[in-house]
Amino acid sequence: MKRRELIAIGGAALVSARAHAAERVVGWISPEPRETIGPFFKAFQAGLQANTPAGDTVRVIERHVTGGPEAMSQAVAELQKEGVKLIVAQGAATLPVVRAKPAVPVVFAYSGDPVVAGIAQSFARPGGDATGMSFMSLELNPKRIDLVRIALPECRKVALLSNARHAGEENEITATQRAVERAGIELAVWRSQNPAETPSVVGQALDAGAQALVVLPSSPMVQQASAIVSQCLARKVPVVSGWASVARAGALLTYGPNLNETYKRVGWFVMRVLGGAQPASLPIEQPTVFELVINKKTANTLGLTLPVSLLAQADEVIE
Amino acid sequence: MKRGLFLKYVVLFVGLVTAVLVINVALDLYFVYQENRRASIEVQQEKAEAAAQRIESFVREIERQIGWVAQAQWADLPVDQRRFDYVRLQRQVPAITELIQLDRQGREQLKVSRLNMDVVGSGTDLSKEPPFVGAIADGVWFGPVYFRKESEPYMTMAVAHGRRGGVTVADVNLKFIWDVVSQIKVGKDGYAYVVGPQGRLVAHPDISLVLRGTDMKRLPQVAAALAAPDKDVPVGDSINLAGVSVLSAHADIPALKWLVFVEVPTREAQQPVINTGLRALALLVLGLLIAAGAGALLARRMVVPIRAMQAGAERIGSGELSHRLTIKTGDELEALANQFNRSAAALEESYATLEQRVEDRTRELQESLEQQTATAGILRVISQSPTDVEPVLQSVADAAAGLCRADEAAVFLFKDGAYRWAASAHIASTYVDVVKGEAFTPGNDSLVGRTALQGTVVQIEDAPNDPEYGRRDLAQLGGAHTLIGIPLQREGDTIGVMVLTRRYVERFSDQHIEILKVFADQAVIAIQNVRLFTELRESLEQQTATAEVLRVISQSPTDVQPVLRAVVGAARRFCGADDAMIVLCDNDDQLMATHEGSMPALVGTRIPLDRSSTTGRAALDRQTIHVPDVALLDPSEHAQTIELAEKTKVRALLAAPMLREGGAIGCVLLRKPEAGAFTSRQIGLLETFAAQAVIAIENVRLFTEIQEKSHQLEVASQHKSQFLANMSHELRTPLNAIIGYTEMMADGLYGDVPEKATAVLERVQANGRHLLGLINDVLDLSKIEAGQLVLAMEEYSVADMVATVLSATESLARTKGLTLGSDVPAGLPTGTGDARRLTQVLLNLVGNAIKFTDRGSVEVRAAEVDGRFELSVVDTGFGIAPEDQAKIFEEFQQVDNTSTRKKGGTGLGLSISRRIVELHGGRITVESDVGKGSTFKVTVPINASAIKEAAQ
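Residues numbered from 1 in each chain as written. Chains lettered and ligands numbered in written order. Predicted model: local features only at pLDDT ≥ 70, side-chain atom pairs only at ≥ 80, totals over all residues. Heavy atoms only, no water.

**Student:** Lay out the overall build of chain B with the relevant residues and their values.
**Tutor:** When helices and strands are tallied, chain B shows 24 helices and 29 strands. Expressed as a percentage of its 952 residues, the buried residues of chain B come to 44%. For chain B, the proportion of contacts with a sequence separation of at least 24, taken over those separated by at least 6, is 60%. Surface exposure of chain B reaches about 49700 Å², of which carbon and sulfur atoms provide 55%. (Helix = DSSP H or I, 4+ residues; strand = E, 2+ residues; numbered from the N terminus. Buried < 20%, exposed > 50% of the residue type's maximum accessible area, 1.4 Å probe, protein only. Contact = heavy atoms within 4.5 Å. Areas by Shrake-Rupley, 256 points an atom, 1.4 Å probe, with all protein chains shown as cover.)

Set out below in structure tokens:
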């Protein structure tokens, strides 16, 4: 009897020790609701899975925080209480999370420039306790306008809708303006201070005679993409942006990194840091693969005939 | 043996196999290691080449893709077409980020980018840029690696559109090489990486290292390869960034100036060696087990028969001689066992005979022991009775009878001309009484006589029935049949006979005879011992007596009476008489001087000295007179002796004369109340005492004479000295008058003196002075000898004394042309003594020195040595011969009379000096070499106390 007990206790101890050693917990903080970020979270989990050594499991505690920086800090504190070994900050959550200075490392999936945002010293050597992916969401703006020009050869007035709080945005906007001016395009910049303000800002841009609206990709904008697209399509003005999801929501075209690949890579970062790598010396990576998504339905709605060369470039055409 | 042999065999076997296996394994490992290393290096090198090829083909593929678009005619196509082609190219090659078309003149015609707006016909002149120049020259051009945002590696490449066409310039994102690099498999844990010409990492399976801009130059293998790009840097052991030891090889891509490294952990590369080692170890263990098994088996086969042999040998050894070993191994062990069996058989046989011998020997030993015990018993008795022969003879008889199985034993000793009974054993007392009365003489009659006559062992087998045996009466009385007589011999003389009898007939065996001879010898030794002991004791007693007399003589040199008493006492004690006296001759009478004893004697009475008395006869004949029995004397010749003997009841007399220079001064007389001769020893001893008495008397006489003579001499000497003293005084007074008046005459006090008379006066004066000195000296000497010279003690200074002497003798020395000097150290203490006399001594020595020195110098030296003054007078004169040196201090002695006469002097000076110095408790010595000079040395105590007796 006793012997059996002993074996049972021993076995239990062994099992619990193994479980303890194998399972690690990480936190996930996103400023978007689960519905919209779902596909990327899945990609992230797939990346996590692909890089997890056999036998190990990594449990992710999700936090979708729609509030301000205080809510973020609170989420960070909660996650640390839960015993997370690392926090993944997604999109606009990156800056508040990193600035909350958690005791555990942070891996981010950030659309802005982390060096300009001040959370890394350089791409090669972040220097702090945070590292991850930068999405090049703004750098590609000139190329997006170039694509607009191809799709709408007569287009001369382009409106740029930006999230005023996006780090590095000003630099990019200036660079974009310099690039498009040479191509004879007039660029008007419209800034939305908060999501509630966006419809009126879009309205103003349309009223100002914009022939196309380029939405700078950022989490708040992505959440509002459908509304913006509907508002613009009603005035026969095409919308262009960076994330494929926006094209699916009715934008004429989007050009940007393949976010699925990028989020998978975030999974790699998590495992690397959990494996002992120091975020300070783990370089921040940028996407290498970009995708052009064209919504042919929207083109048809707008009565546009897209050139073959453009279609040939497309990675995805929504019929 | 125990387990020893078994273990040794097994250990030896296992050790041998182990050694062989270990050597084999070691060699094997060594060669496998070498082979593996060579193979690994070759494989690594090949892999490096292959990796380099794959990397290069990645770039070449891009070049090929560009080349497919960049045809010579392509530049003439419409811009949309060209743009489309570039877009397509980008789609096909994801690594290309940007494409630029340059026309023949190097002007930009078209730019298609993934990141920026496409630009058509900008016409920017890039003809001087390296891509254009390089591509035009070589058809293709590869730019250096550069890093966007300091992180992502990029490279520019340019491909010419044929000979006359333009150039397509492409920016390539080298992150895409990761796909290639990470797919290059090098063993299990190996990897490949690419390093640019500056040492910066271009591609690596861990992309982070590339993005971080890792500088690979810090790895030795990279630094070495970069330092010597042309040389074939050998593959070798190194370490990687993680510090793990790796086997590294590399190959270069010349077109790109890249180096491709392939590394595999050394541990993995050496896995075959480790495997071989493990296999070898397993083999070794297996070999050891087999060896141990085989060794044990072999050892067992060896050890089992040996153990059987050991057990068998133990049984034989423990006395089981009939045991036999059974070993059937058919080899040397069986032969050995058989040998054991033979030895055991031989041992068994010899053991049987040995027992008999031991029995015999034991019996012999038993007998021998009995004899030894008996002999030892006799010897013990001998040692215990040094003065009595009786017990020894008794025990000899006892032992002889016991050991020789005799019924009776008796010993007879030669005494008073016949062999008489001395001791016996087991003989009935009645028979002993008969034998005691017998006195056997040498002859054939009795057994004792026969033995004494022949001096050998005599045996009579059956005495009662032996017709030649003369004393059958004795044999019948004792019931004896077989008799044996053994002579006791000393230096050839038969001093006794031992007789053993048996009451049955059986001859004594030779062995018994031998034993009896030994007993006889022991009996002789005992007899001898007793004799020697007695003689020694007597001799010692005589010595003691003589010594006693001599002691008394030495103690009384002036009185003869104690000596005479001692002589009389000694004579009484040692000469066998109770009464002794000394008679002295006094002219014609004899005087009874000393008597000691129980018999009447008239000390002080005189009897006439004539030959009718024993003492008178002895003195007059000057020989010892021995009268064993007065009754036998002839009355006509010994009237006085007989008369005195009757008066004093004396029966025997012995008189020894006390002889001196031919005459007798008396006699020592011994008297006995019964008749009986004195032994020669007693006579000799008495003569010795007589001689000692003479010596004593002579001694006393001489001593008295010497005493009288010396007293007379002393008186005469004193008279002489007194006379001399008086005489000197009496002589000096008139002499002083002579000298005084002569002086006055010479000075002209009594008018002018004629010249002739002056010379005479001077001679009178000189001779007078000399005579005065002589008389003074004689006076001094006589005073000293008469003991009248008394020192006048006072304090004196040596320096002053020397100065006085020198000033007195200076003129004399100057006259002879001698140097007179002194050496007196300052600080000498003040002395105590008769300063005047000491000055006289010093003056005498210096005067003598000047007198006996013709050339050179005279020096006085003073020193303090051990509380004494040492005053030396050193001259360079004639010197004194060694034989004369002692004489010169005696009165009236001078060296070499002829020469000293010329110098004058009385010959008393040194003698007086010596006496004076001795009176001070000092001494005077001389050291001299003839012809070289003399040194007289006076040593006196600094504080002298007069020794008045010294002069006498």
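Following the structure, the description resumes.
**Student:** Any details on the sheet that holds strand 12 (residues 408-415) of chain B? Residues and values, ideally.
**Tutor:** Residue and element names in this part refer to chain B. Spatial ordering of the open sheet is given by 13-12-16-15-14, a layout of five strands whose pairing is antiparallel. Only two strands of the sheet have a single partner each, and these edge strands are strand 13 (418-425) and strand 14 (458-460). For this sheet, the mean angle separating the axes of adjacent strands, direction not counted, is 20°. Pairing geometry for strand 12 and strand 16 (residues 493-502), over six bridges, is antiparallel. (Pairing = 2+ DSSP bridges. Axes fitted to C-alpha atoms, helices over the stretch in contact; angles between N-to-C directions.)

**Student:** An account of the environment of A:Gln313 is needed here, citing residue identities and associated values.
**Tutor:** By secondary structure assignment, the location of A:Gln313 is in helix 13 (residues 308-313). Sequence separation between A:Gln313 and A:Val293 is 20 residues, and the spatial gap between their C-alpha atoms is 9.2 Å. Sequence-distant contacts of A:Gln313, that is, excluding residues within four places in its chain, are made with A:Leu147, A:Leu292, B:Val87 and B:Arg91.

**Student:** Residues and numbers for the sheet that holds strand 26 (residues 857-865) of chain B, please.
**Tutor:** Residue and element names in this part refer to chain B. Spatial ordering of the open sheet is given by 24-26-27-29-28, a layout of five strands whose pairing is mixed. Whereas interior strands pair on both sides, the edge strands pair on one side only; in this sheet they are strand 24 (819-823) and strand 28 (923-929). The mean angle between the axes of side-by-side strands here comes to 15°, regardless of whether they run parallel or antiparallel. Bridging between strand 24 and strand 26 involves five bridges; their strand directions are parallel. The residue bridging Asp-823 from the neighbouring strand is Arg-861, located in strand 26.

**Student:** Got a sec to walk through helix 12 (residues 447-454) of chain B? Specific residues and values, please.
**Tutor:** Residue and element names in this part refer to chain B. In terms of burial, helix 12 is a largely internal element, six of the eight residues being buried. Along helix 12, the residues classified as buried are Leu-447, Val-448, Gly-449, Arg-450, Thr-451 and Ala-452. As for helix 12, its buried residues are in contact with strand 12, strand 13, strand 14, strand 15 (482-490) and strand 16. With a side-chain oxygen positioned 2.9 Å from the backbone nitrogen of Gly-449, the residue opening helix 12 is Ser-446. (Polar contact = N/O pair within 3.5 Å; in protein donor to acceptor, adjacent residues only side chain to side chain.)

**Student:** Explain the packing of helix 9 (residues 332-384) of chain B against helix 10 (residues 390-403) of chain B to me, using residue names and the numbers behind them.
**Tutor:** The packing of two helices is summarised by the inter-axis angle and the distance between the axes. Residues and elements named next belong to chain B. Across the interface, helix 9 lies against helix 10 with an axial gap of 9 Å and an inter-helix angle of 170°. Considering their axes alone, helix 9 and helix 10 lie roughly antiparallel with respect to each other. The residues of helix 10 that touch helix 9, namely those facing Glu-370, Gln-371, Ala-374, Ile-378, Val-381 and Ile-382, are Pro-391, Val-392, Ser-395, Val-396, Ala-399 and Leu-403. Of the residues belonging to the contact of helix 9 with helix 10, the class tally is nine nonpolar, two polar and one charged. (Parallel < 35°, antiparallel > 145°, perpendicular 65-115°, else oblique. Nonpolar A, V, L, I, M, F, W, Y, C, P; charged D, E, K, R; others polar.)

**Student:** Describe the packing of helix 19 (residues 755-785) of chain B against helix 24 (residues 909-919) of chain B, with residues and values.
**Tutor:** Residue and element names in this part refer to chain B. Between helix 19 and helix 24, the least distance of the axes is 10 Å, while the angle of their chain directions is 35°. The handedness of the crossing between helix 19 and helix 24 is left-handed. Touching Asp-777, Asp-780, Leu-781, Ile-784 and Glu-785 of helix 19 are Gly-909, Ser-911, Ile-912 and Arg-915, all from helix 24. Residues that form the contact of helix 19 with helix 24 fall into these classes: three nonpolar, two polar and four charged. (Left-handed = near helix turned anticlockwise from the far one by under 90°.)

**Student:** Residue-level account of the nonpolar core, with values.
**Tutor:** Counting residues in hydrophobic clusters, the biggest one holds 63 residues, and the most contacted among them are A:Phe44, A:Leu213, A:Tyr263, A:Val270 and B:Tyr193. Per-element accounting of this core gives the leading share, nine residues, to helix 11 (residues 259-274) of chain A. In this structure, A:Leu213 is in contact with A:Ala159, A:Leu161, A:Val202, A:Ala205, A:Ile228, A:Cys232, A:Val237, A:Pro238, A:Val239 and A:Val240, ignoring residues within four places of it in sequence. Residues B:Val140, B:Phe142, B:Val172 and B:Val260 belong to the second largest nonpolar core, which totals 49 residues. (Core = buried A, V, L, I, M, F, W, Y, C linked by side-chain atoms within 4.5 Å.)

**Student:** So what's going on with unusual backbone geometry? Which residues, and what values?
**Tutor:** One non-glycine residue, A:Lys101, lies in the positive phi region at around 50°. Tracing the backbone shows A:Lys101 in the loop between helix 4 (94-99) and strand 4 (106-110). Within the chain, B:Glu491 stands out as a residue other than glycine whose phi angle is a positive 50°. Tracing the backbone through its elements, the reader meets B:Glu491 in the loop between strand 15 and strand 16.

**Student:** Just give me the short version of the confidence of the model for chain B, but keep the residues and values in it.
**Tutor:** Taken over all residues, the pLDDT of chain B has a mean of 83, while the share at 70 or more is 96%. This prediction of the complex comes with two scores: 0.49 for pTM and 0.84 for ipTM. (pLDDT = per-residue confidence, 0-100.)

**Student:** Just give me the short version of the pattern of salt bridges, but keep the residues and values in it.
**Tutor:** For the coordinates displayed, the defined rule picks out 55 salt bridges over all chains. Across the pair B:Arg531 and B:Glu535 runs a salt bridge, and its minimum N-O distance is 2.9 Å. Taken together, the residues span about one helical turn, with B:Arg531 and B:Glu535 both in helix 14 (residues 510-555) at a distance of four residues. With a relative accessible area of 40%, B:Glu535 lands in the partly exposed category. A cluster of three or more residues bridged by salt bridges with shared partners is formed by A:Lys143, A:Asp146, A:Arg149, B:Arg83 and B:Asp118. (Salt bridge = Lys/Arg side-chain N within 4 Å of Asp/Glu carboxyl O.)

**Student:** Which residues make up the side chain of A:Ser134, and what are the values?
**Tutor:** Mapped onto the elements, A:Ser134 comes out in strand 5 (residues 130-134). Ignoring anything within four residues of it in the chain, the contact list for A:Ser134 reads A:Tyr110, A:Gly112, A:Asp113, A:Pro114, A:Phe123, A:Ile284, A:Glu285, A:Gln286 and A:Pro287.

**Student:** Residues and numbers for the side chain of B:Asp629, please.
**Tutor:** Residues and elements named next belong to chain B. Mapped onto the elements, Asp-629 comes out in the loop between strand 20 (625-627) and helix 17 (639-648). Separated by 3.1 Å, the side chain of Asp-629 and the backbone nitrogen of Ala-631 make a polar contact. Within the structure, Asp-629 has its side chain in polar contact with the side chain of Arg-651 (distance 2.8 Å).

**Student:** Tell me about the interface of chain B and chain A, and name the residues and values.
**Tutor:** Chain B puts 23 residues into the contact, and the matching count from chain A is 33 residues. Both faces combined, the contact of chain B with chain A buries some 2400 Å², and carbon together with sulfur accounts for 53% of it. There are four salt bridges connecting chain B and chain A. Across the pair A:Asp315 and B:Arg91 runs a salt bridge whose closest N-O atoms are separated by 3.4 Å. Along the contact surface separating chain B from chain A lie 12 residue pairs in polar contact (both at pLDDT 80 or more). (Buried area = accessible area lost by both parts, 1.4 Å probe.)

**Student:** So what's going on with helix 8 (residues 271-317) of chain B? Residues and values would help.
**Tutor:** Residues and elements named next belong to chain B. Compared with the 69 Å implied by 1.5 Å per residue over 47 residues, the 65 Å span of helix 8 between its first and last C-alpha is a close match. The largest bend in helix 8 is about 25°, located at Arg-300. Positive phi shows up at Gly-319, right after helix 8, with a value of about 110°. (Expected span 1.5 Å × (residues − 1). Bend = angle between axes of the 7 residues up to and from the residue.)

**Student:** Describe the packing of aromatic side chains, listing the residues and the values that go with them.
**Tutor:** Per the stated rule, a full pass over the model turns up 19 aromatic pairs over all chains. Their ring planes at 85° and their centres at 6.0 Å tell us that A:Phe135 and A:Trp243 sit as a pair that is edge-to-face. Here A:Trp243 lies in the loop between strand 9 (239-241) and helix 10 (244-248) and A:Phe135 lies in the loop between strand 5 and helix 6 (141-151), a separation of 108 residues in the sequence. We classify A:Phe135 as buried; its relative accessible area is 3%. One aromatic cluster is present, built from ring pairs that chain together A:Trp28, A:Phe40, A:Phe41, A:Phe44, A:Phe135, A:Trp243 and A:Tyr263. Taking NZ or CZ as reference, B:Arg200 lies 3.4 Å from the ring centre of B:Phe147, over its face. Sitting above the plane of the B:Phe508 ring, B:Arg502 keeps its charged end 3.8 Å from the centroid. (Phe/Tyr/Trp six-rings, centres within 6.5 Å; stacked < 30°, edge-to-face > 60°. Lys NZ or Arg CZ within 6 Å of the ring centre and 35° of its normal.)

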